[in-house]
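Structure assessment
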Amino acid sequence: MYSAGVALGQAGPFDGVELSIEHVAGNVYMVQRPGGGGNIGVLIGPEGVLLVDSLFAPLSDKLVAAVKEVSDSEIRFLINTHIHGDHVGGNENLAEMGVLIFAHDNTRLRFLEERSRFPRRGGSFMPQPPEAGRPVVTYNDTISFHLNGEEVRAFLAPPSHTDGDTFVYFPNADVLHLGDVFRTTSYPIIDLYNGGTLRGTIAALDQAIEMAGPDTKVIPGHGLSIVGRKEMQEFLAMILDVRDQVLVMITDGMKLDEVMAARPTAAYDAQWGQEAGWTADDFVPIVYYQLGGSGRLADR
Ligand SMILES: [Zn+2]
């Protein structure tokens, strides 16, 4: 029914993968792939379905089936929060169904690069996403969707996970989809190959926390549960603490290997350092270099 497309990112096997759809609030739902893959936001209603992110290409029929469980309406719009394959992999299949794809200008530019880079495994190269899956409509700041009684606002966040991170807010339902700027399963992935920054990560989380009320529901880019302001605050507090510790170490003249050995993330590794492929060993060097640390080894 759907073309195979190109599975981008850390796809892994898709046989037997089941997607589940969960109510978030109001007309907003979340589709998840247990075991990994970007969480999808789903706005339903009689005027059509809007999706936030498209998961991997081989899962498109399952994604459509999951949406069908809660709505018979046509899927009309798709917003990509950023370039990574587990968030845009289903674009081509959805475009074939007539879904109109939106993304920030910077994210579309990443689609045009000859090869994509993936932050894990030292910035490994991935094939260019298929041309048919490119966003058709782009925005340089903010775009709004007036649909199903919602005033969906999609807007550029400061450069944090990538330089094209879109946050999506559903004011009536009071739901925020933050893409991969916020994840509950690991330390933040600051993708230096696609324009991510530590400073922007802190600013973007600040902005999201400022927007959220005590009852706001937050869909993380990755993580199996719907969370809220408190979880974002804990995530940001962890980042700020690690940043402050590393800054002191840099000021003290410590080289990266000494900073790593001092384990500035020790208090947090049990909660955020357990995901294979993105642990403190990946996060701490980024913090170190983003803060101006230089030199890999101690001069002795
Ligand atoms: Zn990502």
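Residues numbered from 1 in each chain as written. Predicted model: local features only at pLDDT ≥ 70, side-chain atom pairs only at ≥ 80, totals over all residues. Heavy atoms only, no water.

To summarise the sheet geometry, strands pair through backbone hydrogen bonds and adopt either a parallel or an antiparallel arrangement. A sheet is described by the order of its strands in space; here 5 strands give the open sequence β10-β11-β12-β13-β14, paired in mixed fashion. Lying at the two open borders of the sheet, with one neighbouring strand each, are β10 (142–147) and β14 (217–219). Recorded for the sheet is a direction-independent mean angle of 15 degrees between the axes of neighbouring strands. Here strand β11 (residues 150–156) pairs with strand β12 (residues 166–170) via 4 bridges, running antiparallel. Counterpart to Arg-153 in the pairing with β12 is Tyr-169. Across the sheet, helix α6 (residues 198–211) is in contact with β11, β12 and β13 (175–177); its angle to β12 comes to roughly 5 degrees. (Pairing = 2+ DSSP bridges. Helix = DSSP H or I, 4+ residues; strand = E, 2+ residues; numbered from the N terminus. Axes fitted to C-alpha atoms, helices over the stretch in contact; angles between N-to-C directions. Contact = heavy atoms within 4.5 Å.)

Next up on the list: the environment of Val-24. On the secondary structure map, Val-24 appears in strand β1 (residues 20–25). Distance in space between the C-alpha atoms of Val-24 and Ala-173 is 8.4 Å, their sequence separation being 149 residues. For Val-24, the residues in contact, after removing those within four places along its chain, are Tyr-29, Met-30, Val-175, Lys-217, Ile-219 and Ile-226.

Below, the discussion takes up the confidence of the model for the chain. Should the pLDDT be low somewhere, the predicted coordinates at that spot are not to be read in detail. Chain-level statistics for the chain give a pLDDT mean of 92 and a share of 93% at 70 or above. This model gives residues 1–11 a pLDDT under 50, and the stretch forms 33 contacts once residues within four places in sequence are excluded. (pLDDT = per-residue confidence, 0-100.)

One finds Phe-167, Leu-178, Phe-182, Tyr-187, Met-232, Met-238 and Phe-283 to be the most contacted residues of the largest nonpolar core, which totals 40 residues. Taken together, the elements giving at least two residues each to this core come down to β12, α6, α7 (229–251), α8 (256–262) and α10 (280–290). Considering each element in turn, this core owes the most residues, 9 residues, to α7. With residues up to four places along the chain from it excluded, the contact list for Phe-167 reads Arg-153, Ala-154, Phe-155, Ala-157, His-177, Leu-178, Val-181, Ala-204 and Ala-208. Core analysis: the second largest hydrophobic core is formed by 23 residues, Ile-40, Val-49, Ala-66 and Ile-75 among them. (Core = buried A, V, L, I, M, F, W, Y, C linked by side-chain atoms within 4.5 Å. Buried < 20%, exposed > 50% of the residue type's maximum accessible area, 1.4 Å probe, protein only.)

Attention now moves to the packing of α7 against α10. Any two packed helices are characterised by the angle at which their axes cross and by the distance between the axes. Following both chains from N to C, one finds α7 and α10 inclined at 60 degrees, their axes separated by 9 Å at the closest point. In terms of orientation, α7 and α10 fall into the oblique class. Between α7 and α10 lies a crossing of right-handed hand. Taken together, the residues of α10 that come into contact with α7 (itself represented by Met-238, Val-242, Arg-243, Val-246 and Ile-250) are Phe-283, Val-287 and Tyr-288. Considered class by class, the residues forming the contact of α7 with α10 number 7 nonpolar, no polar and 1 charged. (Parallel < 35°, antiparallel > 145°, perpendicular 65-115°, else oblique. Left-handed = near helix turned anticlockwise from the far one by under 90°. Nonpolar A, V, L, I, M, F, W, Y, C, P; charged D, E, K, R; others polar.)

A few words now on the coordination of the zinc ion. Protein coordination at the zinc ion comes from His-82 (NE2), His-84 (ND1), His-161 (NE2) and Asp-180 (OD), with a distance range of 2.2 Å. As a motif over one chain, the donors of the zinc ion read H-x1-H-x76-H-x18-D. Placement of His-82 in the loop between β5 (75–79) and α2 (85–88) and of His-161 in the loop between β11 and β12 is noted, with a sequence separation of 79 residues between them. Each member of the pair, His-82 together with His-161, is buried. (Donors = N, O, S within 2.8 Å, 3.2 Å for Na, K, Ca; no water.)

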